[in-house]
Amino acid sequence: MSADDNKSTKAERDAAEKAVLDNMARLKALRLAREASMPQAAPKKKVAAKSGRSATGKTSSGKGSTGKPAEKSVALAAWLAEQRKGGFRT
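None of the values given here were measured: they were computed from a predicted structure.

(A) Summary view of the overall build of the protein chain. Counting its regular elements, the protein chain contains two helices and zero strands. Taking all 90 residues of the protein chain together, the buried fraction comes to 1%. Carbon and sulfur atoms make up 59% of the accessible area of the protein chain, which amounts to about 8,700 Å² in all.

Shown next as structure tokens:
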């Protein structure tokens, strides 16, 4: 490759990069304008949940420290096995 080829290749790459960045900026501006024109929803109030903790610090509702029910959490090994059955490579 000659020096002219390298310069033209770099110029093409720079032009393509600038076009992508300009498009991203244009799309961001459109998104922000659309979001600004949409009416704001009233903020949701957090409902104070009853703690349910006993003196030992364990919950009586079967929830862990993350607040998720224990019966809904899936073991990692089971999830990975399910992914393998579905044909997904992990």
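And the narrative resumes.
(B) Looking closely at the pattern of salt bridges. Here the structure, examined in full by the defined rule, presents four salt bridges. With a closest N to O distance of 3.6 Å, E35 and R31 form a salt bridge. With E35 and R31 both in helix α1 (residues 3–37) and four residues apart, this pair spans about one turn of that helix. Note on E35: relative accessible area 35%, which makes it partly exposed.

About the criteria used
- Residue indices follow the written sequence of each chain, beginning from 1 at its first position.
- Per-residue local features of the predicted model are confined to residues with pLDDT of at least 70, and side-chain atom pairs are confined, for both listing and counting, to 80 or more; whole-chain, interface and lining totals are unaffected and use all residues.
- Only hydrogens and water are set aside when side-chain values are computed; all heavy atoms of the structure are taken into account.
- Starting at the N terminus, helices and strands are each numbered in turn, a helix being any DSSP run of H or I of at least four residues and a strand any DSSP run of E of at least two.
- The cut-offs for exposure are 20% and 50% of the maximum accessible area for each residue type, with area from a 1.4 Å probe on protein chains only; residues under the lower value are buried, those over the upper are exposed, and the others partly exposed.
- Methods summary: accessible areas were calculated by the Shrake-Rupley approach with a probe of 1.4 Å, and residue burial reflects only the protein chains presented.
- The term salt bridge refers to a side-chain nitrogen of Lys or Arg lying within 4 Å of a carboxyl oxygen of Asp or Glu.

Honestly, that's just the spatial picture; any functional story needs more than this.
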